[in-house]
Amino acid sequence: MESVEYLFPATDGLFVTTMSDPSRTAISVVAPCFNEQEVLPEFLRRVGAVLDEMGGVSEVVLVDDGSRDRTWEVMTAAAAADPRVVAVRLMRNHGHQLALTAGLSVCRGERILIIDADLQDPPELLPDMMALMDGADGQGSADVVYGQRRQRDGESLFKRATAAGFYRLINKLTDVDIPADAGDFRLVSRRVLDLLLAMPERHRFIRGMVAWIGGRQVPLLYDRHARAAGESKYPLSKMIRFAADAITAFSVVPLMASMTIGWIMAAVGFGFFIYSIVGWLMHATLPGWASIMAAMGLLGGMQFLMLGIIGAYLGRLYDQNKGRPLFMIRDIVGGRR
Ligand code: UDP
Ligand code: MG
């Protein structure tokens, strides 16, 4: 198999910004892949068809996030067959957001389409996204065009309900407007991408970081389909971690919660104090065991909860402070450079 020499980023995980070379690459499609051997051929066929139709110079950057199946073999075969395909392999599994970050740091397009490899989000929307970015809605050009789901096929009621609750919560806790019903499926300009890559945070919630950047961000409504093949790589445990990363990255309100709870507890305690004085004056003895145990349990629980919240932030601070690379690239194969 012929593999074209490819330049690594200067240091793995440290970003080299403005890699774009518009005369050469107009569009990059970037997709992280974890055990996606079943779906990749169909993904490449559909993305390839869209890019063929659009013309111009484009690339498809696929990131193998430490897959344990034949994902890498499928990718390198595709890279050998099509000079547009760039296959990036990470040293190990880094998780969706960091794998995506690796792909974004490697891509060179003037505009970048972020998409999952499982075809839940149709690549055929790319021309519409391009038009919207050019100002097809008559309100000027856009910096970001994000896909917003009109309906979600093949997702459980549980996933939809937790997602709705999560977006409501995070928008309450932060000043950043993070659109509900939007994933990472979006077209971003090189300017926005460079800003995104300049953010060194390790626990990344990319859709929130893009929203935080601002500029003009417009939604494109679409129907989200069920996965084309394979199964979800986001079990509940990963979803919970992802939600915790998002909240701690965008809000310090939970850290302050102990103050609110402290005030409430103090008020309740004061109420009980008055109550016991009055009881003492009226010679009414108070059978107090149950209420004391309840108060102890409640207070103990609250204290551990608050310690846990502090720990959640402290742990992330510790991780960030170590300053390790966000991702480690093992191989890059293909591409026309
Ligand atoms: N993914 C990844 N690394 C992981 C988990 C997922 O690169 O550790 C990729 C996966 O291959 C897919 C995308 O992230 O392209 C979204 O994952 P998935 O479709 O399984 O999540 P869901 O849509 O079920 O939330
Ligand atoms: Mg999916």
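Everything numeric here is computed off the predicted structure, so don't read it as measured data.

## Description of the coordination of the magnesium ion (ligand 2)
Within the protein, the magnesium ion (ligand 2) binds to D118 (OD) and Q120 (OE1); these donor distances fall in the range 1.9 to 2.0 Å. The pair formed by D118 and Q120 is uniform in burial state, with each residue classed as buried.

## Here's the deal with unusual backbone geometry
Phi at N35 is positive, roughly 50°, even though this residue is not glycine. Checked against the element boundaries, N35 lands in the loop between β1 (27-33) and α1 (40-54). A positive phi is found at L119, a non-glycine position, where the angle reads about 65°. As for its placement among the helices and strands, L119 is situated in the loop between β4 (111-114) and α4 (126-133).

## What about the environment of D331?
With respect to the helices and strands, D331 occurs in strand β8 (residues 329-334). Distance in space between the C-alpha atoms of D331 and L104 is 15 Å, their sequence separation being 227 residues. Side chain to side chain, D331 and R89 meet in a polar contact 2.6 Å long.

## Re helix α2 (residues 71-81)
Within the span of α2, buried status applies to T71, W72, M75, T76, A78 and A79. The buried residues of α2 all sit within an arc of 155° when viewed along its axis, so they share a single face. Buried-residue contacts for α2 involve β1, α1, β2 (58-64), β3 (85-90) and β8.

## Examining the side chain of Q120
Take Q120: it is sitting in the loop between β4 and α4. At 3.4 Å, the side chain of Q120 forms a polar contact with the side chain of R224. When near neighbours in sequence (up to four residues on either side) are disregarded, Q120 contacts E155, Y222, R224, H225, A226 and R227.

## Observations concerning a nonpolar patch on the surface
A cluster of nonpolar side chains, namely V252, L255, M256, M259, W263, F304, L307, I310, L314 and L317, defines an oily patch on the protein surface of about 1,100 Å² accessible area. If you list the elements that add at least two residues to the nonpolar patch, you get α9 (253-281) and α10 (289-322). Element by element, the count of residues in the nonpolar patch is highest for α10, at 5 residues.

## Here's the deal with the environment of H225
Counting through the fold element by element, H225 comes out in the loop between β7 (217-224) and α8 (236-250). With relative accessibility at 34%, the residue H225 sits in the partly exposed group.

## A word on the sheet that holds strand β5 (residues 144-152)
Read from one edge to the other, the open sheet built from 8 strands follows the order β7-β5-β6-β4-β1-β2-β3-β8, with strand pairing classed as mixed. A single partner strand is all that each edge strand has here, and the edge strands are β7 and β8. Averaged over neighbouring strand pairs, the angle between their axes works out to 20° when direction is ignored. Where β1 and β4 come together, 4 bridges link them in parallel fashion. The partner of V29 across the bridge, within β4, is L113. Sheet contacts for helix α6 (residues 190-197): β4, β5 and β6 (186-189); angle to β6, the most-contacted strand, approximately 90°.

## A look at the packing of aromatic side chains
Under the definition given, this model contains 7 aromatic pairs. Plain terms: the ring middles of F185 and Y222 are 5.3 Å apart, the flat faces sit at 65° to each other, and that makes the pair edge-to-face. Remark: Y222 occurs in strand β7 and F185 occurs in the loop between α5 (157-173) and β6; sequence separation between them is 37 residues. Just as F185 is buried, Y222 falls in that class too. For the pair F270 and F273, a centre-to-centre distance of 6.4 Å together with 35° between the ring planes defines the contact as tilted. Taken together, the residues F270 and F273, both in helix α9 and 3 residues apart, mark about one turn of the helix. Its relative accessible area of 53% is what places F270 among the exposed residues. These aromatic residues form a ring-pair network of at least three members: F166, Y167, F205, Y234, F242 and F250.

## Some remarks on α6
With 6 of its 8 residues buried, α6 lies for the most part within the structure. Within the span of α6, buried status applies to R190, V192, L193, D194, L196 and L197.

Cut-offs applied
Sequence order as written defines residue numbering, which begins from 1 separately in each chain. The lettering of chains begins at A and the numbering of ligands begins at 1, in the order of writing. Residues qualify for local features only when their pLDDT is at least 70, as the model is predicted, and side-chain atom pairs are given and counted only at 80 or more; totals for whole chains, interfaces and linings, by contrast, use all residues. For side-chain calculations, the full set of non-hydrogen atoms in the structure is used, while hydrogens and water are omitted. Because water is not among the atoms used, a metal site may look incomplete, as its donors are only the N, O and S atoms within 2.8 Å, or 3.2 Å for Na, K and Ca. Under the scheme applied here, a residue whose accessible area is under 20% of the maximum for its type counts as buried, over 50% as exposed, and between as partly exposed, the area being computed with a 1.4 Å probe on protein chains only. A run of H or I in DSSP becomes a helix once it reaches four residues, and a run of E becomes a strand once it reaches two; helices and strands are each numbered from the N terminus. For this analysis, a polar contact is any N or O atom pair within 3.5 Å, provided that within protein one partner can donate a hydrogen and the other can accept it, and provided that sequence-adjacent residues contribute only side-chain to side-chain pairs. Here the arc refers to the set of directions running from the helix axis out to each C-beta atom. Only heavy atoms enter the contact rule, under which two residues are in contact if any of them lie within 4.5 Å. A patch consists of residues exposed above 30% relative accessible area that lack any salt bridge, with like charges linked at up to 9 Å and nonpolar side chains (Val, Leu, Ile, Met, Phe, Trp, Tyr) linked at up to 5 Å. In short, Shrake-Rupley with a 1.4 Å probe defines the accessible areas, and a residue's cover is counted only from the protein chains shown. Every case where a carboxyl oxygen of Asp or Glu lies within 4 Å of a side-chain nitrogen of Lys or Arg is listed as a salt bridge. Strand pairing is assigned whenever DSSP identifies at least 2 bridges connecting the two strands. Note on method: axes are straight lines fitted to C-alpha atoms, helices fitted across the in-contact stretch only, with angles between N-to-C directions ranging 0 to 180 degrees. Aromatic rings from Phe, Tyr and Trp, taking only the six-membered ring of Trp, are treated as a pair when their centres fall within 6.5 Å; an angle between ring planes under 30 degrees marks them as stacked, one over 60 as edge-to-face, and anything in between as tilted.

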